[in-house]
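# Architecture at a glance
Here is how the chains run, residue by residue.
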Amino acid sequence: MIFSSYGFLFIFLPLVICAYFIANSLNRKNLAKWILVFGSFFFYWYGAGVFVIGFAASVLWNYAIGVKLGHIHEAGMAGRGRLLLAIGIGGNVAFLGYFKYTDFLIQNINFVANAGIPLQHIILPIGISFFTFQLIAYLVDSFRGQTRNYRFLDYLLFIAFFPQLIVGPIVHHAEMVPQFEAPATQRIDWNNIAIGLFYLSLGLAKKVILADPMTRWAQAGFDNVATMTFFTAWLNSFLYTVSYYFDLSGYADMAIGLGWLFNIRIPENFNSPYKALNFADYWRRWHITLSRFLSDYIFRNVYRSGAGSRRFYSAVFVTFLISGLWHGAGWNFVLWGILNGLFVMASHFGERRKWKLPIVLAWAGTFLGVLLLRVLFVSTDLSDAATVYSIMASPGSDDFLEQGYAFLRGNYIHGFFGLVAFAICVFAPTSRQLRERFTTTPLWGLGIGMLLLLSMLGMNQPAPFLYYQF
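Okay, so let's go over this structure.

Conventions and cut-offs
- All residue numbers refer to positions counted from 1 along the written sequence of the respective chain.
- Whole-chain, interface and lining totals are the exception, using all residues; otherwise, since this is a predicted model, local features are given only for residues with pLDDT of at least 70 and side-chain atom pairs are given and counted only at 80 or more.
- For the side-chain quantities, the full set of heavy atoms in the structure was used; hydrogens and water were omitted.
- By the criteria applied, helices consist of DSSP H or I runs no shorter than four residues and strands consist of E runs no shorter than two, each listed in order from the N terminus.
- A contact between two residues is defined here by any heavy atoms of the two lying within 4.5 Å.
- In this scheme, a helix's expected span is set at 1.5 Å multiplied by one less than its residue total.
- Per-residue accessibility, obtained with a 1.4 Å probe over protein chains only, is compared with the maximum for each type, and a residue is labelled buried under 20%, exposed over 50%, and partly exposed between these values.
- Each polar contact in these results corresponds to two N or O atoms within 3.5 Å; when the atoms are within protein, one needs to be able to donate a hydrogen and the other to accept it, and residues that are neighboring in sequence are counted only if both atoms are side-chain atoms.
- Only C-alpha atoms enter the line fits that serve as axes; for helices the fit covers just the stretch in contact. Angles between N-to-C directions range over 0 to 180 degrees.
- If an angle is under 35 degrees, it is roughly parallel; if it is over 145, roughly antiparallel; if it lies from 65 to 115, roughly perpendicular; otherwise it is oblique.
- For any pair of crossing helices, the crossing counts as left-handed if the nearer helix is rotated counterclockwise from the farther one by less than a right angle, and right-handed if it is rotated clockwise.
- Under this grouping Gly is polar, as are all residues other than the nonpolar Ala, Val, Leu, Ile, Met, Phe, Trp, Tyr, Cys and Pro and the charged Asp, Glu, Lys and Arg.
- Each pair of aromatic rings taken from Phe, Tyr and Trp, with Trp reduced to its six-membered ring, is defined by centres within 6.5 Å and is described as stacked if the planes are under 30 degrees apart, edge-to-face if over 60, and tilted in the remaining cases.
- Two conditions define a charge located above a ring, namely a distance within 6 Å from the ring centre to NZ of Lys or CZ of Arg, and an angle within 35 degrees of the ring normal.
- To count toward a patch, a residue needs a relative accessible area above 30% and no salt bridge. Like charges then connect within 9 Å, nonpolar side chains (Val, Leu, Ile, Met, Phe, Trp, Tyr) within 5 Å.
- Shrake-Rupley sampling with a 1.4 Å probe provides the accessible areas, and residues are treated as covered by the protein chains on show and by no other component.
- Criterion for a salt bridge: a side-chain nitrogen of Lys or Arg within 4 Å of a carboxyl oxygen of Asp or Glu.
- What makes a nonpolar core is a set of buried Ala, Val, Leu, Ile, Met, Phe, Trp, Tyr and Cys residues whose side-chain atoms join them at distances within 4.5 Å.

Once that is clear, we can look at the environment of D154. Mapped onto the fold, D154 is located in helix 6 (residues 152-160). Between the C-alpha atoms of D154 and K33, which are 121 residues apart in sequence, the distance is 8.1 Å. In this structure, D154 is in contact with K33, V177 and E181, ignoring residues within four places of it in sequence.

Quick look at helix 15 (residues 359-378) now. Over its 20 residues, helix 15 runs 29 Å from end to end, which matches the ideal 28 Å to within 8%, given 1.5 Å per residue. Among the residues of helix 15, A362, T366, F367, G369, V370, L371, L373, R374, V375, L376, F377 and V378 are the ones counted as buried.

So, on to unusual backbone geometry. Although it is not a glycine, N27 sits at a positive phi angle of roughly 65°. Looking at the secondary structure, you find N27 in the loop between helix 1 (6-25) and helix 2 (29-48). Among the residues examined, N27 registers a relative accessible area of 57% and is labelled exposed.

Before going further, it helps to spend a moment on the side chain of D281. Residue placement: D281 occurs in helix 11 (residues 279-285). Here D281 falls in the buried class, since its relative accessible area comes to 15%.

Relative to the helices and strands, S129 resides in helix 5 (residues 128-143). A relative accessible area of 0% places S129 in the buried class. Of note is the side chain of S129, whose polar atom sits 2.6 Å from the side chain of K100.

In this section: the environment of Y155. Checked against the element boundaries, Y155 lands in helix 6. Residue classification places Y155 among the buried residues on the basis of a relative accessible area of 1%. Spatially, the C-alpha atom of Y155 lies 7.6 Å from that of V177, the residues being 22 residues apart in sequence. In this structure Y155 touches V59, N62, Y63, L135 and Y138, once residues within four positions along its chain are discounted.

Each pair of packed helices can be described by the angle between their axes along with the distance between the axes. Between helix 3 (residues 52-75) and helix 5, the least distance of the axes is 7 Å, while the angle of their chain directions is 15°. On the basis of the axis angle, helix 3 is roughly parallel to helix 5. In the packing of helix 3 onto helix 5, the handedness of the crossing is right-handed. In this structure, helix 3 contributes F55, S58, N62, Y63, I65, G66, L69, G70 and H73 to the contact, and helix 5 contributes F131, L135, Y138, L139, S142 and F143. In terms of residue class, the contact of helix 3 with helix 5 is made up of nine nonpolar, six polar and no charged.

Take the packing of aromatic side chains next. Overall, the coordinates contain 72 aromatic pairs when judged by the stated rule. Positioned over the ring face of F312 is R352, at 4.1 Å from the centre of the ring. The ring of F377 is capped by R374, whose NZ or CZ atom sits 4.8 Å from the centre of that ring.

On the surface, a nonpolar cluster with roughly 420 Å² of combined accessible area is contributed by Y6, F10, I11 and L15. Structurally, Y6 is set in helix 1.

Okay, the packing of helix 14 (residues 331-352) against helix 15 next. The contact between helix 14 and helix 15 brings their axes to 8 Å, and the two run at 155°. Between helix 14 and helix 15, the interaxial angle falls into the category roughly antiparallel. The two elements helix 14 and helix 15 cross, and the hand of that crossing is left-handed. Residues N332, F333, L335, W336, L339, N340 and F343 of helix 14 form the contact with helix 15, whose participating residues are L373, L376 and F377. Its residues placed into classes, the contact of helix 14 with helix 15 shows eight nonpolar, two polar and no charged.

Residues F8, F55, F262 and W286 are the most contacted members of the largest nonpolar core, which totals 150 residues. If we skip the residues at most four places from it in the chain, W286 touches Y244, Y245, L248, N269, F270, P273, Y274, S291, R374 and Y467.

Let's shift gears to the pattern of salt bridges. Tallied over the full model, the rule gives 13 salt bridges. For K33, the salt bridge goes to E181, with nearest N and O atoms at 2.1 Å. Of this pair, K33 sits in helix 2 while E181 sits in helix 8 (residues 173-181), and the two are 148 residues apart along the sequence. In the salt-bridge network here, residues are joined through shared partners; they are K33, R151, D154 and E181.

As structure tokens, this is what we get:
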């Protein structure tokens, strides 16, 4: 079940909302929370099937360790706490590693040792990378004594709340649990309902109207990289770069909107990343909650304030290397993480020395870098990425102009669509800025209705979100 499907929008969501607020109206607050928990587990089961058992086991195991870590913190036994924390984090990493990296490890063993070990073809459970990060953050904060007041029900709701369960935003317990306890959360707020529908309509439009067509066109090219030409390689890379933004930010907007329907504020996840002037700026704007997690739980454990520039740049590099590994099991993702780390390091180096390029040049260079790195991200492997890069660097022979003309005749619709979508990325206000302007007036209502209608007309064959594969 995905957000951009009729079953979710017209059956699952209305039933859960009605049941939740009816239980709260009867002053059955715990029942209302259990409705959200069971609804969230049903939502996960519908998409992941039998793996819901593994998800539930992981959630319970981490809760037990978290509780024990809290008791150890209160007893002042830091040594035992560190050992248990290491076991907890190691278990989560092993759990994720089995599903996500087993075949990658086997491929490399076979390559190095010619071992001939058969691949396991393990199916990656939906959302495992995202909820594993949240569980690790919970364990670390339990070790620090920051979760000792949480009940089991609160913990379950924080981890499993369906709007952000699969693709984020990656939420923190400290910003979620108090909201579920607040009295204002437990009654219908029609203004919040309106804002939720606004976000939901915006996210659906980003996903169904903008992202899905561009993804289909770009993927058709990347499925047959050897047949690409200079022009189609650049066009498909450009379309994928733009579609990834609308796909992931569309999901985030829908998740945020669903949160508003339940009076829950889920953090914003994007801030016009394609307006960035360098890579450090880009990563402050792109997938903000992921960057926040990596900063809080990886970067700050490698670097301490005042430790010096060498340690700072090492921490940046390690953080992005882990980010690359987290995103996918392949050397193309490892290289993607390394290059992002190097570009961010270069950005910080320039910022510290107050080096400034002309704004247009800085912006164009940053976006070009993002586009070229997106090739690594969407290619099947390093070999395919190298093929695409080679084609992009080879304008062709003497019939270059003729090829360009033929390309325009055959792809002008795709190109025009991509340029319009890109202009929206660069010139349109962010979702948050639009929300701040939002009012419950007929004109805004008409706009929401039109976006919902246009989106629903394109939902006959709902496409999964791109980040489901991670």
